[in-house]
Amino acid sequence: MAGNVQIKHALFCFLAAALCLAGCGKKTAVEQPYSFGERLEAFSGGETGVYYPGFAENLCVASGINNTDTGLTAEAAGVFDLSGGTALLEENVFARMNPASTTKIMTAILALKYGELSDLVTVTDDAVITEAGSSMAGVKPGDRISLEDLLYGLMIPSGNDAANAIAVHIGGSIENFVAMMNEEAASIGATATHFANANGLTEPDHYTTAYDLYLIFHEALKYDMFRTVIGTLAHTALYSDGNGNPKSSTWGVSNYYMNGKTETPDGLMVFGGKTGTTKAAGYCLIMGSRTDDGREFASVIMKADSRDALYRDMTEIISKIDK
């Protein structure tokens, strides 16, 4: 009996193998190759009608197809609805670009995520930057200043010294902080971004895209303090030097829409943003605008060829917002 069972089993295996071989090279219909019902369980909370939100639920989607209908001097541009949907305008939004000081948005995110505004930061020698033309907040080694004031010094005068002071305070070293920046970028989907420093000074492996910059800005806007800082026209920081002597610095916003140097299109209000300029990056700006009915948009210009061209291009693209 046992021998007959073994023979039948062997015969079954042979026939199964033969059928498999007979089907090789032929296209056969596969029933339910993708079962939506099975995959849905991964997003369900276990109750009817209860689902986990998708990763990109509130993110704006870009196609990568240029749809600007007018000439821009900038090499990349985009307008993104901050509540999601489809990008309103695109120009090379996935092209790798040097971000200059728009980098500091990520620096601010990590400061807000891992620090306390009341933290008293002792500025180290890493704040000493000798590159010609480098934008500075004016803090010096030994100065003791709150993290809150450093955030204003980071975003309003675009202080490269403030960026490095924050990096050392939050990360323990600039190298560790940069690793944190890249981890954060990956976690929010900015996978075409790589940071090499906390301030945006030019380095070969320091880059992002207009779309990734939108993703980073979108993340930063989740922090109320970030909105407060970028919406501030001027800020005075009170702090002390290494000997305890009082110091103060007053910084004013450089965004032309906010300081009145450029007129904002009717029906829009600019609520904040970040500029960035280096020889390699050209003139860059990402900012948030709000329509009269409360809808918010992020707009990006990267590598315009002059400051005047930057604001002409920005006015052109935000004028496309349906107000």
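Please refer to the structure placed before this passage.
Presented here is a report on the structure given in the accompanying data block. None of these values were measured; they are calculated from a predicted model. (Residues numbered from 1 in each chain as written. Predicted model: local features only at pLDDT ≥ 70, side-chain atom pairs only at ≥ 80, totals over all residues. Heavy atoms only, no water.)

Observations regarding the packing of helix H3 (residues 104-114) against helix H5 (residues 160-171)
How we decide: Lines fitted to the C-alpha atoms define the axes, with helices restricted to the stretch that makes contact. Angles between their N-to-C directions range from 0 to 180 degrees. In DSSP terms, a helix is any run of H or I states spanning at least four residues, a strand is any run of E spanning at least two, and both are numbered starting from the N terminus. By the definition used in this description, the sense in which the near helix is turned from the far one sets the handedness, with an anticlockwise turn below a right angle giving left-handed and a clockwise turn giving right-handed. Between two residues, a contact is recorded if the distance between any of their heavy atoms is within 4.5 Å. By the convention adopted, Pro, Cys, Tyr, Trp, Phe, Met, Ile, Leu, Val and Ala count as nonpolar, Lys, Arg, Asp and Glu as charged, and the other residues, Gly among them, as polar.
Look at H3 against H5: their axes get within 10 Å of each other, and the N-to-C directions meet at 35 degrees. Handedness of the crossing formed by H3 with H5: left-handed. Facing H3, whose interface residues are Lys104, Thr107, Leu110, Ala111 and Tyr114, H5 presents Asn160, Ala163, Ile166 and Ile170. Partitioning the contact of H3 with H5 into residue classes produces six nonpolar, two polar and one charged.

Concerning the environment of Ile230
As a reminder of what qualifies: Exposure categories follow from relative accessible area, calculated using a 1.4 Å probe and restricted to protein chains: below 20% of the type maximum is buried, above 50% is exposed, and the middle band is partly exposed.
When you line up the elements, Ile230 lands in helix H8 (residues 224-230). Classification of Ile230 as buried rests on a relative accessible area of 4%. Between the alpha carbons of Ile230 and Ile156 there is a distance of 7.2 Å; along the sequence they are 74 residues apart. Non-local contacts of Ile230, meaning those with residues more than four positions away in its chain, are made with Met155, Phe217, Leu221, Met258, Phe271, Gly272 and Gly273.

Remarks on helix H7 (residues 210-220)
A large share of H7 lies buried, amounting to 11 of its 11 residues. Along H7, the positions that sit buried rather than exposed are Ala210, Tyr211, Asp212, Leu213, Tyr214, Leu215, Ile216, Phe217, His218, Glu219 and Ala220.

Thoughts on the pattern of salt bridges
Quick note on the threshold: Just to be clear on terms, a salt bridge is a Lys or Arg side-chain nitrogen sitting within 4 Å of an Asp or Glu carboxyl oxygen.
Tallied over the entire structure, the rule returns seven salt bridges. Here Lys113 ties to Glu184 by a salt bridge, and the two come within 2.9 Å at their closest N and O atoms. Separated by 71 residues along the polypeptide, Lys113 in helix H3 and Glu184 in helix H6 (residues 174-187) bring together distant segments of the chain. Taking the relative accessible area as the measure of exposure, Lys113 reaches 38% and is therefore partly exposed. A salt bridge links Arg290 to Glu296, with the shortest nitrogen-to-oxygen separation between them at 2.8 Å.

Looking at the side chain of Thr275
Counted only if it meets this: The definition of a polar contact used here is a pair of N or O atoms within 3.5 Å, where within protein one atom must be able to donate a hydrogen and the other to accept one, and adjacent residues in sequence count solely through side-chain atom pairs.
With respect to the secondary-structure elements, Thr275 resides in strand E9 (residues 268-278). Take Thr275: its relative accessible area is 15%, and that puts it in the buried class. A distance of 3.4 Å separates the side chain of Thr275 from the side chain of Ser254, its partner in a polar contact. Dropping the residues within four chain positions of it, Thr275 is found in contact with Ser101, Thr102, Ser254, Cys284, Leu285 and Tyr311.

Some points on the packing of aromatic side chains
Heads up, the condition is: Between 30 and 60 degrees the pair is tilted, below 30 it is stacked and above 60 it is edge-to-face, where a pair is any two Phe, Tyr or Trp rings, Trp via its six-membered ring, whose centres lie within 6.5 Å. Note on criteria: charge over ring means Lys NZ or Arg CZ within 6 Å of the ring centre, with the direction from the centre no more than 35 degrees off the ring normal.
The full count for this structure, using the stated rule, is seven aromatic pairs. Summarising the aromatic geometry, the rings of Phe94 and Tyr211 are spaced 5.5 Å apart at their centres and angled 70 degrees between planes, so their arrangement reads as edge-to-face. Placement of Phe94 in the loop between strand E4 (89-91) and H3 and of Tyr211 in helix H7 is noted, with a sequence separation of 117 residues between them. Taking relative accessible area as the criterion, Tyr211 reaches 13% and is therefore assigned buried. Residues Phe217 and Phe226 carry aromatic rings whose centres are separated by 6.1 Å and whose planes lie at 75 degrees to one another, so their mutual orientation is edge-to-face. The class of Phe226 is buried, set by a relative accessible area of 2%. Here the aromatic residues Phe80, Phe94, Tyr211 and Tyr214 are joined through ring pairs into a cluster of three or more. Directly above the ring of Tyr207 sits Arg96, whose terminal nitrogen or CZ lies 3.8 Å from the centroid.

Examining the sheet that holds strand E10 (residues 282-291)
Working definition: the strands of a sheet are paired by backbone hydrogen bonds and lie parallel or antiparallel to each other. The line we're drawing: Between any two strands, pairing holds if DSSP finds at least two bridges.
Taken in spatial order, the five strands line up as E4-E2-E11-E10-E9 in an open sheet, and their pairing is antiparallel. Looking at strand neighbours, the two that pair on one side only are E4 and E9, the edges of this open sheet. Going across the sheet, the axis of each strand differs from the next one's by a mean of 15 degrees, ignoring polarity. Examined bridge by bridge, strand E2 (residues 76-81) and E4 share three bridges and lie antiparallel to one another. In the sheet register, Ala77 faces E4, and the bridge partner there is Glu91. Against the sheet, H7 engages E2, E9, E10 and strand E11 (296-304), with an angle of about 140 degrees to E11.

Don't take any of this as a statement about function, it's just geometry.
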